[in-house]
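The lines below spell out each chain.
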Number of protein chains: 2
Amino acid sequence: MNYKMVGKFLAEILALEAIFMLPSLVISLCDKEYSLSFDFLITILIIVAFSGVLMFLCRKAKMGFYQREGYVCAGACWIMLSLFGALPFFFSGRIPNYIDSLFEIVSGFTTTGATILNEVESMPRALLFWRSFSHWIGGMGVLVLLLALVSMGKNNNGFTLHILRAESPGPDVSRIVPKMRQTAVILYVIYLVLTLINYIMLLLGDMDWFEALCTALGTAGTGGFGVKNDSLGSYSSYIIWVTTIFMMLFGINFSLYHLIVTKKFKVAIKDQELHVYLFIILVATTLITFNIRGNYGGILEAIKHAAFQVSSIVTSTGYCTVDFNLWPDFSRGILLFLMIIGACAGSTGGGFKVIRLILLVKSARRGLKQMLSPNRVEVIRVNGHQISEKVMNTLNIYLTVYVLMMLVSIFLISFDGNSILTNVSAVMACFNNIGPGFDMVGPLSNFSEFSLASKAVLIFDMLAGRLEIMPILAMCSISTYRRR
Amino acid sequence: MNYKMVGKFLAEILALEAIFMLPSLVISLCDKEYSLSFDFLITILIIVAFSGVLMFLCRKAKMGFYQREGYVCAGACWIMLSLFGALPFFFSGRIPNYIDSLFEIVSGFTTTGATILNEVESMPRALLFWRSFSHWIGGMGVLVLLLALVSMGKNNNGFTLHILRAESPGPDVSRIVPKMRQTAVILYVIYLVLTLINYIMLLLGDMDWFEALCTALGTAGTGGFGVKNDSLGSYSSYIIWVTTIFMMLFGINFSLYHLIVTKKFKVAIKDQELHVYLFIILVATTLITFNIRGNYGGILEAIKHAAFQVSSIVTSTGYCTVDFNLWPDFSRGILLFLMIIGACAGSTGGGFKVIRLILLVKSARRGLKQMLSPNRVEVIRVNGHQISEKVMNTLNIYLTVYVLMMLVSIFLISFDGNSILTNVSAVMACFNNIGPGFDMVGPLSNFSEFSLASKAVLIFDMLAGRLEIMPILAMCSISTYRRR
């Protein structure tokens, strides 16, 4: 294990976090919340001090970076970011318990959007902004951002590859690896531009500038923290439709936007994952509209709420316009399915990812055929490209670990004595980075009732879900730290 | 596809079914239910006629039997058995709808034990016996029985192997294949002897001979059809403990009994699957006892009900002593876990099987290690034996198809508009051949409220679950029937 290299990387990430806290500091100063400004300042100083010491200790870092360094790097970065990022909530006394503060910021960085706050409207704007901004930072991946910003010296191909593998959502990153750094820059520019367009369109709907900013950041990161207690329930149909469409857009694989920017529009439009993703949204919206048509003023209202909720859940955002926990069980069941499926790989969304579902179905079909004709050899293709057996093996392990971790988590939090649907949907909502679930963790409720032990389990789930399991498990495994 | 060979086999299985109906015919005559005797007689004649015609058409069957013939054979046999086995219920008018009759007998043969009857105590004993006897027939596998009884000519190794693969529960049958026929005979003798001991012990508890017989048959097949409306709720503690222990015994891999009979006691006792199975039962019983200790007269009562229910659910039997649907959600959650896990491979029990869980955990551990050290090569071992990569691949496909089929089934039956827990537990209870679920399909309720379409889905699930998916899917696949 190349500890110094990992340490150097950690120090740089923490320096970046200190910079990210400056806007919140400015907001608190503008709002004359000087006590809060002091809390942010103290936090920033602690981070800078820690980063400086780490940088000094690891100044002689040598190259030599393998997969396990990549995993530990990603895992350690996200944990450190969260440990320090929770401090403003804790110092300000707005969230008196540190585990609760940690839950809130992990929920932010992992773009989950599950909150332990009963009431958000009375929170200072600086803290609300820090919550929503953490979605934006975590959405596209903070490590990727660092890679886009800095060059880690020559011969860094292995380095970037392993970091990217560890942080990026989806089963395969090979297609954007070759020109990794340029691509990271382009992806972040696309991310920024889409967020800006979303922000401007919200402003055009007469939304308050601060609320629009937080909403746009939460939409872009597919996070889901709201600035109102009823999430988006009190906004106009225009705002709701704009958000619906942008949630959908942020759930699409960003490499497709990259293709469109580089004028390969025809390739982008033929993407199989995109087709399945849009098909799922269409079917789910239709079914739910049909099911809840009696609950709202007219069919248009029903479509609006159905489309918004489907888009919000499938992309793992977690905003809501109505209390969908009160919908009939058929609609709630559909939403539960969407929670598992999740968005496209390479988007800011969470969940199992549509492409994995496609690969699983194809793999199951091939497996059945091979059992009938044992000598048959068949490769799996997506968009005409052959998928290697290594990727398929990794997918199988991913599915296995995904199912096992989900079951173990449900078992662990069930000691709290809540309803089965609460436990199942809470774990699903955290593991897939959605936010709200059903019953006790429904859209108008929150996670504050869980015991600290259960919150710790859910924090672990959120991190494991966002980093797609491996980095977090690698960090927990002793063999990672053995010498070769 | 060697249709004539499949046809010949089908004809023999049907002849066997006709013989199996004779006891019910005798019981109906003894009870002077002559109208019912007539229904059974008609059914037997129809079966014999059908079998005879099939035998005649396929008299020139040639050898040549591959895996796909094995699957189609197994699938077709179970479907035919069910289609004809449902006739007595239908002819007698006791279950007026044929789909309902089919549901009942499929639930019997697959040892599920889910019923659509609101009331069983008023049913004629001949029909009750047929229901319970179908558990016993289906428990050990009717095809295996046929293989034990008849010799299909020389050079039949491929034949027996493929049939056994298609019908036997568990990921690997290799260890009992070499002396297949003798082993099948020994297994059935063990099955018969254990059933007899169970029957005698129930009689010693002053149980009515007929009730004891049906209960023993249902326990042996891990089926779960009762002859009373409250299942085993009204019997003495002695009867309940005897049944608890025998359910557990029938959930153990029968090859371990084989080892004990051949005096390899030490090998049997070291079986990893057995250890995990007993550990799961112990932990689940302890947790549930602790959770429900306030609900019953004392700790001993709580242990009794907890142990009985754990044993009943993990072995996929489905008997009950109390309405466990009223237990706290923690206990219900534990039972839901047990539903998925299921019993040991090679037992009469259903579910995912403990050995598969062990293999999955080992495979996940290996996968994680390999991701950290990509050049590492490691084999998976169970009881010191190396598990081939082919078995592991098949297991991955099994897991994938298992999860996908479960999700699709839940989606399909959710159109009925029942609660999520009803849908999830109904599919789990049918797919894993348990019987009762929660909410609308709780232990004191039944499956009669579902629409015919949902019942058809659940019938499919029961068959697919009992035959471990492949034979049923192979039957539905066009490529099975293509010429090579």
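Quick caveat: nothing in here was measured; it's all calculated off a predicted structure.

(A) Molecular detail of the overall build of chain A. Within chain A one finds 22 helices and two strands. Taken over the C-alpha trace, chain A has a radius of gyration of 22 Å; the compact-globule value for 484 residues is 23 Å, and the two agree within 12%. Considering only contacts within chain A whose residues lie at least 6 apart along the sequence, 72% involve residues at least 24 apart. If the 37 positive side-chain charges of chain A are averaged to one point and the 28 negative ones to another, these points end up 17 Å apart.

(B) Looking closely at the packing of helix H17 (residues 354-372) of chain B against helix H18 (residues 389-413) of chain B. Residue and element names in this part refer to chain B. Running from amino to carboxyl end, H17 crosses H18 at an angle of 105°, the nearest separation of the two axes being 11 Å. The angle between H17 and H18 places the two elements in the roughly perpendicular class. Contacts from Arg356, Leu359, Leu360, Ser363 and Arg366 in H17 reach Glu389, Met392, Leu395, Tyr398 and Leu399 in H18. In terms of residue class, the contact of H17 with H18 is built from six nonpolar, one polar and three charged.

(C) A look at empty space enclosed by the protein. Across all of its chains, the model carries four cavities of 30 Å³ or more by this definition. Taken as a whole, the largest cavity spans an internal volume of roughly 80 Å³. Looking at the largest cavity, it is lined by 15 residues, and the ones nearest its centre are Gly349, Gly350, Lys353, Asn433 and Arg466 of chain A. Each residue belonging to the lining of the largest cavity can be placed in one class, and the counts come to two nonpolar, ten polar and three charged. Counted as a void, the second largest cavity has a volume near 50 Å³. Lining of the second largest cavity is provided by twelve residues; of these, Gly349, Gly350, Lys353, Asn433 and Arg466 of chain B occupy positions nearest its centre. Classifying every residue of the lining of the second largest cavity gives one nonpolar, eight polar and three charged.

(D) Local environment of the interface of chain A and chain B. Taken together, the contact between chain A and chain B spans 44 residues of the former and 44 residues of the latter. Between chain A and chain B, a total of about 3900 Å² is buried, with carbon and sulfur atoms accounting for 81% of that surface. It is Met371, Leu372 and Ile420 of chain A that lose the most area in chain A upon contact with chain B, and together they represent 19% of the buried surface on that side. Run the count over chain A and chain B and you get zero salt bridges. Across the chain A-chain B interface, the total number found is two residue pairs in polar contact (both at pLDDT 80 or more). Top contributing element to the side of chain A that touches chain B by residue count: helix H19 (residues 389-413) of chain A, with eleven residues. Looking at the side of chain A that touches chain B residue by residue, the classes come out as 27 nonpolar, 13 polar and four charged.

(E) Region of the structure containing the side chain of glutamate 273 of chain A. Note on placement: glutamate 273 of chain A falls in helix H15 (residues 272-292). Those residues in contact with glutamate 273 of chain A that sit more than four places away from it in its chain are Asn253, Ala343, Cys344, Ala345, Val354, Ile355 and Ile358 of chain A.

(F) Focus on unusual backbone geometry. The backbone of lysine 353 of chain A shows a phi angle near 85°, a positive value even though the residue is not glycine. Secondary-structure assignment places lysine 353 of chain A in the loop between helix H17 (329-341) and helix H18 (354-372). Residue aspartate 206 of chain B is not a glycine yet carries a positive backbone phi of 65°. Along the chain, aspartate 206 of chain B turns up in the loop between helix H9 (180-204) and helix H10 (209-220). Aspartate 206 of chain B gets classed as exposed once you look at its relative accessible area, which sits at 74%.

(G) Layout of the packing of helix H7 (residues 125-140) of chain A against helix H11 (residues 209-220) of chain A. Residues and elements named next belong to chain A. Relative orientation of the contacting elements H7 and H11 amounts to 25°, with a least axis distance of 7 Å. Considered as vectors, H7 and H11 are oriented roughly parallel to each other. Once H7 is placed against H11, the crossing between them reads as left-handed. Contacts from Arg125, Leu128, Phe129, Ser132, Phe133, His135 and Trp136 of H7 reach H11 at Trp209, Phe210, Leu213, Cys214, Leu217, Gly218 and Ala220.

(H) Inspection of the relation of the copies chain A and chain B at higher detail. Superposing chain A onto chain B takes a rotation of 180° combined with a translation of 0.0 Å along the rotation axis, leaving an RMSD of 0.0 Å. Such a combination of turn and shift is consistent with a two-fold rotation axis. When C-alpha distances to the rotation axis are compared across chain A, the minimum falls at asparagine 396 of chain A, with a value of 3.1 Å. Looking at the interface residues of chain A, 100% of them are also at the interface in chain B, so both copies use one shared face.

(I) The arrangement of a nonpolar patch on the surface in detail. Residue and element names in this part refer to chain A. Judged by side-chain polarity, Trp241, Ile245, Ile299, Leu300 and Ile303 come together as a nonpolar surface patch covering roughly 470 Å² of accessible area. Secondary-structure elements contributing two or more residues to the nonpolar patch are helix H12 (237-250) and helix H16 (299-314). Ranked by the residues each element gives to the nonpolar patch, the list is headed by H16, at three residues. Positionally, leucine 300 belongs in helix H16.

(J) Molecular detail of the environment of valine 185 of chain A. Residue and element names in this part refer to chain A. If you trace the backbone, valine 185 turns up in helix H10 (residues 180-204). Residue valine 185 is classed as partly exposed on the basis of its relative accessible area of 36%. The spatial distance from the C-alpha of valine 185 to the C-alpha of asparagine 432 is 26 Å, given a sequence separation of 247 residues.

(K) Structural view of the packing of aromatic side chains. Scanning the entire structure with this criterion turns up 54 aromatic pairs over all chains. Put simply, the rings of Phe20, Phe129, Phe133, Trp136, Tyr188, Tyr191, Phe246, Phe250, Phe254 and Tyr257 of chain A pair up and form one aromatic cluster. Directly above the ring of phenylalanine 210 of chain A sits arginine 125 of chain A, whose terminal nitrogen or CZ lies 4.8 Å from the centroid. Across from the ring centre of tyrosine 398 of chain B, 3.8 Å away, lies the NZ or CZ of arginine 356 of chain B, which sits over that ring.

(L) Inspection of the side chain of histidine 305 of chain B at higher detail. Positionally, histidine 305 of chain B belongs in helix H15 (residues 299-314). What histidine 305 of chain B contacts, discounting residues up to four positions off in sequence, is Tyr296, Thr321, Val322 and Trp327 of chain B.

(M) View of the nonpolar core. Core analysis: the biggest nonpolar cluster contains 339 residues, and Trp130 and Phe447 of chain A together with Trp130 and Phe447 of chain B have the highest contact counts within it. For phenylalanine 447 of chain A, the contacting residues outside a window of four places in its chain are Phe103, Ala114, Thr115, Ile116, Ala426, Cys430, Gly435, Val441, Lys455 and Leu458 of chain A.

(N) Structural view of the confidence of the model for chain A. All names here are of chain A. Residues with a pLDDT of 70 or more make up 92% of chain A, whose mean pLDDT is 88. Throughout residues 151-155 the model reports pLDDT below 50, and contacts reaching past four residues in sequence, or to other chains, amount to nine contacts. The ipTM assigned to the predicted complex is 0.87, against a pTM of 0.89.

(O) Highlighting a positive patch on the surface. A surface patch of like charges, here positive, comprises Lys4, Arg59, Lys60 and Lys62 of chain A. Mapped onto the elements, arginine 59 of chain A comes out in the loop between helix H3 (34-57) and helix H4 (67-85).

(P) Up close: the pattern of salt bridges. Residues and elements named next belong to chain A. Using the criterion set out here, one finds 20 salt bridges over all chains in the structure. Ionic pairing is found between lysine 228 and glutamate 211, a salt bridge with its closest N-O pair at 3.9 Å. On the criterion of sequence distance, the pair formed by lysine 228 in the loop between H11 and H12 and glutamate 211 in helix H11 is long-range, its members being 17 residues apart. Using a relative accessible area of 24% as the deciding quantity, one classes lysine 228 as partly exposed. Judged by relative accessible area, glutamate 211 falls into the buried class, the value being 18%. Across the pair glutamate 301 and lysine 304 runs a salt bridge whose closest N-O atoms are separated by 3.2 Å. One end of the pair, glutamate 301, and the other, lysine 304, are both in helix H16, three residues apart, so they sit about a helical turn from each other. With relative accessibility at 7%, the residue lysine 304 sits in the buried group.

(Q) Layout of the state of the cysteines. Residue and element names in this part refer to chain B. On inspection of all chains with the given rule, the structure shows zero disulfides over all chains. Here cysteine 30 is not disulfide-linked; the sulfur of cysteine 214 is the nearest cysteine sulfur, at 14 Å. Exposure remark for cysteine 30: the relative accessible area of 57% places this residue in the exposed category. Here cysteine 73 is not disulfide-linked; the sulfur of cysteine 77 is the nearest cysteine sulfur, at 5.1 Å.

How each quantity is defined
- Residues numbered from 1 in each chain as written.
- Chains lettered and ligands numbered in written order.
- Predicted model: local features only at pLDDT ≥ 70, side-chain atom pairs only at ≥ 80, totals over all residues.
- Heavy atoms only, no water.
- Helix = DSSP H or I, 4+ residues; strand = E, 2+ residues; numbered from the N terminus.
- Rg over C-alpha atoms; globule rule 2.2 N^0.38 Å.
- Contact = heavy atoms within 4.5 Å.
- Lys, Arg positive; Asp, Glu negative; His and termini not counted.
- Charge placed at Lys NZ, Arg CZ, Asp CG, Glu CD.
- Axes fitted to C-alpha atoms, helices over the stretch in contact; angles between N-to-C directions.
- Parallel < 35°, antiparallel > 145°, perpendicular 65-115°, else oblique.
- Nonpolar A, V, L, I, M, F, W, Y, C, P; charged D, E, K, R; others polar.
- 1 Å grid on protein atoms, 1.4 Å probe; cavity = no way out; pocket = protein on both sides within 12 Å on 5 of 7 lines; lining within 4 Å.
- Points joined across faces, edges and corners; volume = space filled by probe spheres on them.
- Buried area = accessible area lost by both parts, 1.4 Å probe.
- Salt bridge = Lys/Arg side-chain N within 4 Å of Asp/Glu carboxyl O.
- Polar contact = N/O pair within 3.5 Å; in protein donor to acceptor, adjacent residues only side chain to side chain.
- Buried < 20%, exposed > 50% of the residue type's maximum accessible area, 1.4 Å probe, protein only.
- Left-handed = near helix turned anticlockwise from the far one by under 90°.
- Least-squares fit on C-alpha atoms with pLDDT ≥ 70 in both.
- Patch = residues over 30% accessible without salt bridge, like charges linked within 9 Å, V, L, I, M, F, W, Y side chains within 5 Å.
- Areas by Shrake-Rupley, 256 points an atom, 1.4 Å probe, with all protein chains shown as cover.
- Phe/Tyr/Trp six-rings, centres within 6.5 Å; stacked < 30°, edge-to-face > 60°.
- Lys NZ or Arg CZ within 6 Å of the ring centre and 35° of its normal.
- Core = buried A, V, L, I, M, F, W, Y, C linked by side-chain atoms within 4.5 Å.
- pLDDT = per-residue confidence, 0-100.
- Disulfide = S-S within 2.5 Å.

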